[in-house]
Amino acid sequence: MLRRLLAQVSTQRRRRLFTPDSSWAFRQCSSSSSPSQIGSSTFVEQLEDPNQSTQTNPQLSSTMSIDRSGLYNPPEHSHEPSSDSELVKHLKGVIKFRGGPISVAEYMEEVLTNPKAGFYINRDVFGVEGDFITSPEVCQMFGEMIGVWATCLWEQMGQPNRVNLIELGPGRGTLMADLLRGASKFKSFIESLHIHMVECSPTLQKLQYSHLKCMDEDNSETDVEKRIISKLSKTPVSWHATLEQVPTGLPTIIIAHEFFDALPVHQFQRASRGWCEKMIDVAEDSSFHFVLSPRPTPATLFLMKRCKWGADEEIGKLDQIEVCPRAMELTETIAQRISSDGGGALIIDYGLNGVVSDSLQAIRKHKFVDVLDNPGTADLSAYVDFASIRHSAEEISEDVSVHGPITQSQFLGSLGINFRVEALLENCTDEQAESLRAGYWRLVGEGEAPFWEGPDAQAPIGMGTRYLAMAIVNKKQGIPVPFQ
């Protein structure tokens, strides 16, 4: 009997029938599925009844139909080598998996902070040998002036004996190192600090550890948890991936220098049907290109919020608008922490005190490149909307006040950078003097330095008016220096 059954099974025949109108077929997937993932017709897989002849009875009495229309049909495998980087493959995979484009914000976040191939994650991108230069890398005086500001705020806070000093996106750690050296004479301030570095890049964390001259504290004879100490100031240092991970409950001073400009932005373009979000898709030639979303996206809520803050005249003359939900949310987190714990935050970045239009840019080896060209090899950034930061802070808490923005030139000048450069010039070599003057101009000047006599390509370009400074502080502390 068993042998007979096996023989019957072995004589079964399987066949596929294309049956778009078959009553046995299940309903097809919705039209929202990707055309590349769904065949042009539905097919069913059918098993014949071995006890019934298909020659004498074409109408099968018992069939089993399986709808495979919603299954992913992978493309034919190719053995041709691909020149795409791992990040490019990942981005294309995300777009293909979703069956449609991704937002500019998603693209920007992947390019900058993808755990395996993000621009910031596995390399040192700062300085002359990197892709761009920030103010702390230009001259020691920048970090020293930030130290003056932090010390003045600490005094306005009532000189608390324990303070969380937080830096968002610390780069190489140059700013914090210069801050600690510059403020070293104010021993009570230095002794009150616990430094918290908010950094997601393991590579940059190692550089920061080195620049702050950190070491593990020797407390083997006690039960106290081991700490990392900066030999520059003998203050404890901790690292965190996000601001939310930094402990609360202590008065807080937050420094955010060129941090907001790297937060992902959503871009919207005015079209005949209204505001449409710009998205990024894969073209027929496998390159990335911009497309417009056919329908409202979740980020549209933030666009509406931003337009509510802006004047009708300001919005009416724009064809493109950038909004940064992450900046709004981060500002709310900062304002709530300052409201509950006391203290203040200093934000310095390039941007506008108003609605930002199309400002997204890519920099590779100190040159501007296409934002979609070889993602992961260039820095992406966008202008900071300082007006949006102000509204976000003021709406979330009545206990904080927002001051500025003022230009970086005004900010540094009021803190005494002019006197500092004169003092440094009195005790330096000719080569050091030239470097100091060039660095000073980059921090406070505008355009090319008028005193430059070297090659035009190396002329110092002033950032004094391009960069803006804004402070968010607890109202109990009054107006911070130098925003009076």
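Up top is the structure these notes are about.
Presented here is a report on the structure given in the accompanying data block. Only a predicted model underlies this, so the values are computations on that prediction, with no experimental measurement involved.

## Structural notes on the overall build of the protein chain
A tally of helices and strands in the protein chain yields 15 helices and 22 strands. The proportion of buried residues among the 484 residues of the protein chain is 47%. For the protein chain, the exposed surface amounts to about 25,900 Å²; the carbon and sulfur share of it is 50%.

## Brief notes about the side chain of Ser359
Relative to the helices and strands, Ser359 resides in the loop between β14 (343-352) and β15 (361-364). Judged by its relative accessible area of 11%, Ser359 is buried. At 2.9 Å, the side chain of Ser359 forms a polar contact with the backbone nitrogen of Tyr383. With sequence-adjacent residues up to four places away left out, Ser359 is seen in contact with Glu322, Ser381, Ala382 and Tyr383.

## Re the sheet that holds β15
Taken together, the 3 strands give an open sheet; going across it, the order is β16-β15-β17, and neighbouring strands pair in antiparallel fashion. With one partner strand each, in any of the chains shown, β16 (367-369) and β17 (379-381) form the two edges of the open sheet. Geometrically, the sheet is characterised by an average inter-axis angle of 40 degrees between neighbouring strands, direction not taken into account. Relative to β17, β15 is paired through 3 bridges, and the arrangement is antiparallel. Bridging across to β17, Ile363 finds its partner in Asp379.

## A word on the nonpolar core
Among the nonpolar cores identified, the biggest contains 49 residues, and Leu168, Phe260 and Ile334 are the most heavily contacted of them. Those residues within four positions of Phe260 in sequence are excluded, and the remaining contacts are Ala327, Leu330, Thr331, Ile334, Ile347, Asp349, Val384 and Ile389.

## Points about helix α11 (residues 325-341)
Quick reminder: α-helices carry 3.6 residues per turn. Residues three or four places apart thus point the same way. Over its 17 residues, α11 extends 24 Å from the first C-alpha to the last, a length consistent with the 24 Å expected when each residue adds 1.5 Å. Following α11 by one or two positions, Gly342 adopts a phi angle in the positive range, close to 85 degrees.

## Comments concerning empty space enclosed by the protein
Summed over all chains, the structure comprises 2 cavities of 30 Å³ or more. Approximately 150 Å³ is the volume found for the largest cavity. Contributing to the lining of the largest cavity are 16 residues, with Val265, Cys324, Tyr383, Val384 and Asp385 lying nearest its centre. If you list the elements that add at least two residues to the lining of the largest cavity, you get β13 (320-323), α11 and β18 (384-385).

## Let's talk about the packing of aromatic side chains
Inspection of the entire model under this criterion finds 9 aromatic pairs. Taken together, a centroid distance of 6.4 Å and an interplanar angle of 85 degrees make the contact between Phe259 and Phe260 edge-to-face. By relative accessible area, which is 3% here, Phe260 ends up buried. Put simply, the rings of Tyr350, Tyr383 and Tyr467 touch in pairs and so form one group of aromatic residues. Here the guanidinium or amino end of Lys278 rests over the ring plane of Phe290, the centre of that ring lying 4.5 Å away. Here the guanidinium or amino end of Arg466 rests over the ring plane of Tyr350, the centre of that ring lying 5.5 Å away.

## Some points on the packing of helix α9 (residues 300-309) against α11
Any two packed helices are characterised by the angle at which their axes cross and by the distance between the axes. Put simply, α9 and α11 touch, their axes get as near as 10 Å, and they point 70 degrees apart. Taken together, the axes of α9 and α11 lie roughly perpendicular to each other. Counting all contacts with α9, which are made through Phe302, Lys305, Arg306 and Trp309, the residues of α11 involved are Pro325, Met328, Glu329 and Glu332. Here the contact of α9 with α11 is composed, by residue class, of 4 nonpolar, no polar and 4 charged.

## Some words on the environment of Ala299
The residue Ala299 is located in the loop between β12 (288-292) and α9 in this model. With 194 residues separating them in the primary sequence, Ala299 and Ala105 have C-alpha atoms 9.7 Å apart. Look past the residues within four positions of Ala299 in its chain and what remains in contact with it is His266, Phe268 and Glu277.

## Description of the packing of helix α14 (residues 417-425) against helix α15 (residues 430-444)
At a closest axis distance of 10 Å, the pairing of α14 and α15 adopts a crossing angle of 170 degrees. Here α14 is positioned roughly antiparallel relative to α15, judged by the angle of their axes. For the pair formed by α14 and α15, the contact residues are Ile417, Asn418, Val421, Leu424 and Leu425 on the first element and Ala433, Leu436, Arg437, Tyr440, Leu443 and Val444 on the second. Residues belonging to the contact of α14 with α15 are distributed by class as follows: 9 nonpolar, 1 polar and 1 charged.

Basis of the calculations
Residues numbered from 1 in each chain as written. Predicted model: local features only at pLDDT ≥ 70, side-chain atom pairs only at ≥ 80, totals over all residues. Heavy atoms only, no water. Helix = DSSP H or I, 4+ residues; strand = E, 2+ residues; numbered from the N terminus. Buried < 20%, exposed > 50% of the residue type's maximum accessible area, 1.4 Å probe, protein only. Areas by Shrake-Rupley, 256 points an atom, 1.4 Å probe, with all protein chains shown as cover. Polar contact = N/O pair within 3.5 Å; in protein donor to acceptor, adjacent residues only side chain to side chain. Contact = heavy atoms within 4.5 Å. Pairing = 2+ DSSP bridges. Axes fitted to C-alpha atoms, helices over the stretch in contact; angles between N-to-C directions. Core = buried A, V, L, I, M, F, W, Y, C linked by side-chain atoms within 4.5 Å. Expected span 1.5 Å × (residues − 1). 1 Å grid on protein atoms, 1.4 Å probe; cavity = no way out; pocket = protein on both sides within 12 Å on 5 of 7 lines; lining within 4 Å. Points joined across faces, edges and corners; volume = space filled by probe spheres on them. Phe/Tyr/Trp six-rings, centres within 6.5 Å; stacked < 30°, edge-to-face > 60°. Lys NZ or Arg CZ within 6 Å of the ring centre and 35° of its normal. Parallel < 35°, antiparallel > 145°, perpendicular 65-115°, else oblique. Nonpolar A, V, L, I, M, F, W, Y, C, P; charged D, E, K, R; others polar.

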